[in-house]
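# Structural characterization, general
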Amino acid sequence: MTESAYLHTTRTAYDTVAPEYAELLRNELDGKPLDRAMLAAFAEHVQGPDAGEVADLGCGPGRVTAHLHSLGVNAFGIDLSPRMIDVARRSHPGLRFDVGSMTALDLADASSAGAVAWYSTVHTPPELLPTVFAEIHRVLVPGGHLLIAFKVGDERRHLSRGYGHELSLDVYWTPPELVADLLAKAGLSLYAQLIREPDDSEKPRSGRQAFFLAHKPENSPAHKPEASDPRS
Ligand SMILES: C[S@@+](CC[C@H](N)C(=O)[O-])C[C@H]1O[C@@H](n2cnc3c(N)ncnc32)[C@H](O)[C@@H]1O
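First things first, this report covers the structure right here in the doc. As the structure is a prediction and not an experimental result, all values here were calculated from the model.

Taken together, 20 residues lie around the ligand, and Tyr6, Gly58, Arg63, Asp79 and Trp118 are the ones closest in. Gly58 places a polar main-chain atom, nitrogen or oxygen, 2.8 Å from a nitrogen atom of the ligand. In isolation the ligand exposes 600 Å². Once the protein is present, 98% of that is buried. Element by element, the count of residues in the shell around the ligand is highest for helix H1 (residues 3-25), at five residues. The class makeup of the residues in the shell around the ligand is eleven nonpolar, seven polar and two charged.

Take a look at the structure:
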């Protein structure tokens, strides 16, 4: 699938299901202590009065942005779906949410203390992940942190129904070794991995869930030569 086709189908699908998705996932983190532990560890790295902004990439209805904000993180959200951004703004009126794509972020080089991609790369074809990771590397300050959550596996499933609607959406389960390799190639240094079994709410459709913490080394060059420039 070309980049523009994937972005179009993903945007259309989430525009269709935004309110229902928000309602279903509203309190989901309450029952996931390990997921919250990774968010708390990430928050410790990027919080504080002098800390810069943290971009929640593919923020959806903003529940993770708001959770990070409650932990003292200066977080804002970006999502492909304008209707998701409408829901996020209505649900969290004190926070900033912008429409945009993590394949071409409207953020300056070295401008973000941190980035989160919480199950938001699961619709990106694996061959396009290098574009996303290059963008994350570009916008992070040297020493900035990334937290990425994704589904473990090696398959693509096509959804034609979801959240009470007909839709068309591809979901990817990705091998952790591939994500680790692509992060390294983008210049992002992996320093913690949590892989947990599916909980009752995820069985039987989903398998293991992965949560990776990585950072952009202090001495990292502004652009990685082997990554294509997504803005060109
Ligand atoms: C499974 S939802 C996760 C939403 C949110 N992170 C959460 O956990 O509630 C995936 C989200 O990623 C967004 N998304 C997918 N590809 C994106 C891209 N290239 N740029 C920005 N957002 C994207 C979708 O619009 C959708 O809101």
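Turning to the pattern of salt bridges, a few remarks are in order. Per the counting criterion, the structure on display carries 16 salt bridges. Among the ionic pairs, Glu202 bridges to Lys32, the shortest N-O distance being 2.9 Å. Of this pair, Glu202 sits in the loop between strand S8 (189-196) and strand S9 (209-215) while Lys32 is found in the loop between H1 and helix H2 (33-46), placing the two residues 170 residues apart along the sequence. Lys32 carries the same exposure label as Glu202, and that label is buried.

This paragraph deals with helix H4 (residues 82-91). Listed in full, the buried residues belonging to H4 are Met84, Ile85, Val87 and Ala88. All buried residues of H4 fall inside an arc of 160° around its axis, so they share one side.

At Ala110, a residue that is not glycine, the phi angle is positive and equals roughly 50°. As for its placement among the helices and strands, Ala110 is situated in the loop between strand S3 (97-99) and strand S4 (112-118). By relative accessible area, which is 37% here, Ala110 ends up partly exposed. At Tyr163, a residue that is not glycine, the phi angle is positive and equals roughly 55°. Relative to the assigned elements, Tyr163 resides in the loop between strand S6 (155-162) and strand S7 (165-173).

So, how was this worked out
- Residues numbered from 1 in each chain as written.
- Predicted model: local features only at pLDDT ≥ 70, side-chain atom pairs only at ≥ 80, totals over all residues.
- Heavy atoms only, no water.
- Near = heavy atom within 4 Å.
- Polar contact = N/O pair within 3.5 Å; in protein donor to acceptor, adjacent residues only side chain to side chain.
- Areas by Shrake-Rupley, 256 points an atom, 1.4 Å probe, with all protein chains shown as cover.
- Helix = DSSP H or I, 4+ residues; strand = E, 2+ residues; numbered from the N terminus.
- Nonpolar A, V, L, I, M, F, W, Y, C, P; charged D, E, K, R; others polar.
- Salt bridge = Lys/Arg side-chain N within 4 Å of Asp/Glu carboxyl O.
- Buried < 20%, exposed > 50% of the residue type's maximum accessible area, 1.4 Å probe, protein only.
- Arc of directions from axis to C-beta.

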